[in-house]
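Chain by chain, the residues:
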Amino acid sequence: MSAQLTADALTLFRGDRCLFKGLSFALNSGELLLLRGSNGSGKTSLLRAIAGLLELESGTVYWNEVAVRKEPQIFQNSLVWMSHQPGFKGDLTLIENLHYEASLRPQSNQELDEVLNRLGLNRLKRLPMRSLSAGQRRRVALARMLLADAELWIMDEPVSNLDSEGRVLAMELVGEHLAADGMVIMAAHQDVDIDATVQTIQLQ
Amino acid sequence: MWKYLHKLASPPHFYRLSERMIPWFAMPGLILIAYGTYAGLFVASIDDQQGEAFRIIYVHVPAAYLSMMAYMIMAFGAGVGLIWRMKLAHAVAAGAAPLGAWFTFLALATGSIWGRPMWGTWWEWGDPRLTSELLLLFLYFGYMALRNAIDDITKADRASAVLALVGAVNVPIIHFSVEWWNSLHQGPTIISESAEIGADKLYPLLAMIAGFTLVFGALLLRRVRTEVLYRERRKRWVRDIILSGRGR
Amino acid sequence: MTDQDQQLPGVVTGLVAIVRRDLLLVWKRPGDVLNPLFFFAMVATLFPLAVGPSGEQLQFIGPGVLWVAALLATLLSLNSLFLSDYEDGSLEQMLVSSVPLSALALGKSAAHWLANGLPLVIVSPLIAVTYQMSFFAIVVLMVTLLLGTISLSLLGSIGAALTVGLHRGTALLSLLVLPLAMPVLIFGARTVSLVAAGDGIAGGLYFLGAYAVMILSIGPFATAAALRISNE
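Residues and elements named next belong to chain A. Taken together, 4 strands build an open sheet; the order of strands is E2-E1-E4-E5 and the sheet is antiparallel. Of all strands in the sheet, those with a lone pairing partner are strand E2 (17-28) and strand E5 (66-67), marking the two edges. Contacting strand E1 (4-14), E2 and strand E4 (58-63), helix H1 (residues 43-51) runs over the sheet at an angle of about 120 degrees to E1.

Right, here's the structure in full:
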């Protein structure tokens, strides 16, 4: 079952600055779209625009040939977002946070315990999020990606703040997701070594 | 017709068009105000109840009316800008706000002056019109403060647009509430609804209202032009205008 | 992998999820509930001290003082409504979620009311008694506060959403919300005053109810729009 994400002539301004103009791409199941560029080049803004957090000046994003603008909920239901901030409540425990996330995605089929085991988070699950390290929080964010059961992963520099073990794990998860016909859009500082079709967009 | 409107929404076109429109607003407006002032001060007969003091209505009523109209224009511009993403509409809202605030202040000041002989004080909380105008002034301040607090112009436009629309819904409710509140008290109000206004008093008033509105229009156009110039300052058409020395 | 005919999470799902989350958060930090309540009690205490303990006078100003204190306490608690979500990134996750944002906004307002408005209603009779208000006046006070705090939570959410993350957002929030909250204050406080005067209170209560319904129907959408704009 294949899906497609297409972007047609995306243009974005931040204040007076034009970050990109007329940007287009097509992403299919099993493919990774890699955004490269130095800091401030617009990688994060492009990701946010695709995810719907920023308004584009012009251009359209299509999900399975339907304009996202027309049916935003269907698109949002098929994506999961990972940014610099983990997006968890510090006062709640790991498991309370994930329960909340799960309640927003009632149709997900993933098993919480399996995912926690996979990411080595079991012994942390009753700790409040604020007592976890940055790297551990990143892993919980990865748990969110798995639990969402979503086709499109949008990730903003997912491997920064991770130790080498964490980096390997993250790329493993991305690889598995791609192999299972998922799609990934990722902003990164360096190239990724992965066994899948990779498209690269270099932003100035 | 859509084509015409679409063309009007383009900033350079609006800029050129408004340059020619301003005199057509300002001149008749000033003439009407001149007539209204003269007639109001010298021709209109003295009021039985309020003596000479009533003459301040010739400034107070237009100012109060415009303070409300400016808010509606602001809210309309904000709505159009938010829904249809028209930048010019946002510029209109931004230009209308300070004008509206000034007219509100003028209405408050003249209202206070008018009420003084009657109340014996400079302020009467029991007067619903005065209190509503004060709340309107706070609404304007809030709008302008929000705009100021946000650096990015697009974001400021959109955030203040939401505020303007929510405010617009609330303005009639605020008016109604203050009227009700006052009715519990039966305090002395400025305008007694039952008083009939004679023709000799009415015509100068109508002239002042019309004149003020036209002058408001001219001032608004000037402000919006300035907004447009600032917002489009990096565009070529603005540079052309500045370099050619035209465009006042 | 997900099905072709996906079940999109609906309004109720989102509402319940966010109310549960926020109430759980409040459970972990009870100060968030208690501080505004203490503030309410403190403000109400200031007037007898400042104005004098004359029972008659206090009875006269009681409804107004209590209502103003409730309004100020609500403003205090509104400040942080979206702040932690904005700072830790969970607001962003809400924006990206397929749950309708207006449902989540309504949920935040509902949780705010449960944690701040409702306690005010419950505590108010304790303070009202010190102002020598009659039994019936206290009952009417509680009803007006019930309807009024619901409206204030919904209205205030819009202001909180517009000012989240802004420099000096606190003062700005008050400036934005207070003028808009005037109708609620006027009708709320004055209806309670009418009890002492022996006049009919139905009109005031109807207004408060109607206003609450009005703000319930437009508030969440305005709050959602404001959240999107603020997060950009």
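Here the narrative resumes.
With that out of the way, let us pick up the packing of helix H2 (residues 11-43) of chain B against helix H7 (residues 199-231) of chain B. Residues and elements named next belong to chain B. Where H2 meets H7, the closest approach of the two axes is 6 Å, and the angle between their N-to-C directions is 155 degrees. Taken together, the axes of H2 and H7 are roughly antiparallel relative to one another. Of the two possible hands of crossing, H2 and H7 adopt the one that is left-handed. Here the contact of H2 with H7 is built from residues that sort into 25 nonpolar, 6 polar and 3 charged.

All names here are of chain A. As defined by bridge partners, E1 adjoins E2 across 8 bridges and the pair is classed as antiparallel. Following the sheet pairing, Leu-10 is matched in E2 by Leu-23. The hairpin formed by E1 and E2 contains 2 residues between the paired strands, and Gly-15 there has a positive phi angle of roughly 65 degrees.

For the rest of this paragraph, the subject is helix H8 (residues 169-197) of chain C. Taking 1.5 Å of rise per residue, 29 residues should cover 42 Å, and H8 of chain C covers 40 Å from first to last C-alpha, within 8% of that figure. Of all the bends found along H8 of chain C, the most pronounced is centred on Ala-181 of chain C and spans about 45 degrees, while Pro-183 of chain C, a proline, follows it within four residues.

Turning next to the confidence of the model for chain C. Summing up the model confidence of chain C, the mean pLDDT is 93 and the portion of residues at 70 or higher is 97%. Confidence estimates for the predicted assembly give a pTM of 0.92 and an ipTM of 0.93.

With that settled, the discussion passes to the interface of chain A and chain C. Across the contact, 31 residues belong to chain A and 26 residues belong to chain C. A per-element tally of the side of chain A that touches chain C places helix H3 (residues 94-104) of chain A first, with 4 residues. In the side of chain A that touches chain C, the residues fall into 13 nonpolar, 11 polar and 7 charged.

Quick look at the pairing of strand E7 (residues 152-156) of chain A now. Residue and element names in this part refer to chain A. Across the 5 residues of E7, 5 count as buried, placing the element largely inside the fold. Neither face of E7 is open: one carries Leu-152, Ile-154 and Asp-156, the other Trp-153 and Met-155, and all of them are buried. Sheet topology places strand E6 (residues 79-82) next to E7; 4 bridges connect them, and they run parallel. Residue pairing across strands places Trp-81 opposite Ile-154, the latter belonging to E7. Between the parallel pair E7 and strand E8 (residues 183-188), the chain is carried across by helix H6 (residues 164-179), and the sense of this crossover is right-handed.

What follows deals with the environment of Tyr-35 of chain B. Mapped onto the secondary structure, Tyr-35 of chain B falls in helix H2. Taking the C-alpha atoms as reference points, Tyr-35 of chain B and Pro-204 of chain B, separated by 169 residues in sequence, lie 7.2 Å from one another.

Moving on, we come to the sheet that holds E8 of chain A. Residues and elements named next belong to chain A. Strands sit in the order E6-E7-E8-E3-E9 across an open sheet of 5 strands; the sheet is parallel. Pairing within the sheet leaves two strands with one partner each, and these edge strands are E6 and strand E9 (197-202). Recorded for the sheet is a direction-independent mean angle of 15 degrees between the axes of neighbouring strands. The strands touched by helix H5 (residues 134-148) are E6 and E7; relative to E6, the strand with the most contacts, the crossing angle is about 180 degrees.

Analysis parameters
- Residues numbered from 1 in each chain as written.
- Chains lettered and ligands numbered in written order.
- Predicted model: local features only at pLDDT ≥ 70, side-chain atom pairs only at ≥ 80, totals over all residues.
- Pairing = 2+ DSSP bridges.
- Helix = DSSP H or I, 4+ residues; strand = E, 2+ residues; numbered from the N terminus.
- Contact = placed C-beta atoms within 7 Å.
- Axes fitted to C-alpha atoms, helices over the stretch in contact; angles between N-to-C directions.
- Parallel < 35°, antiparallel > 145°, perpendicular 65-115°, else oblique.
- Left-handed = near helix turned anticlockwise from the far one by under 90°.
- Nonpolar A, V, L, I, M, F, W, Y, C, P; charged D, E, K, R; others polar.
- Expected span 1.5 Å × (residues − 1).
- Bend = angle between axes of the 7 residues up to and from the residue.
- pLDDT = per-residue confidence, 0-100.
- Buried ≥ 20, exposed ≤ 12 C-beta atoms within 10 Å, placed from the backbone.
- Right-handed = clockwise from strand over helix to strand, strands pointing away.

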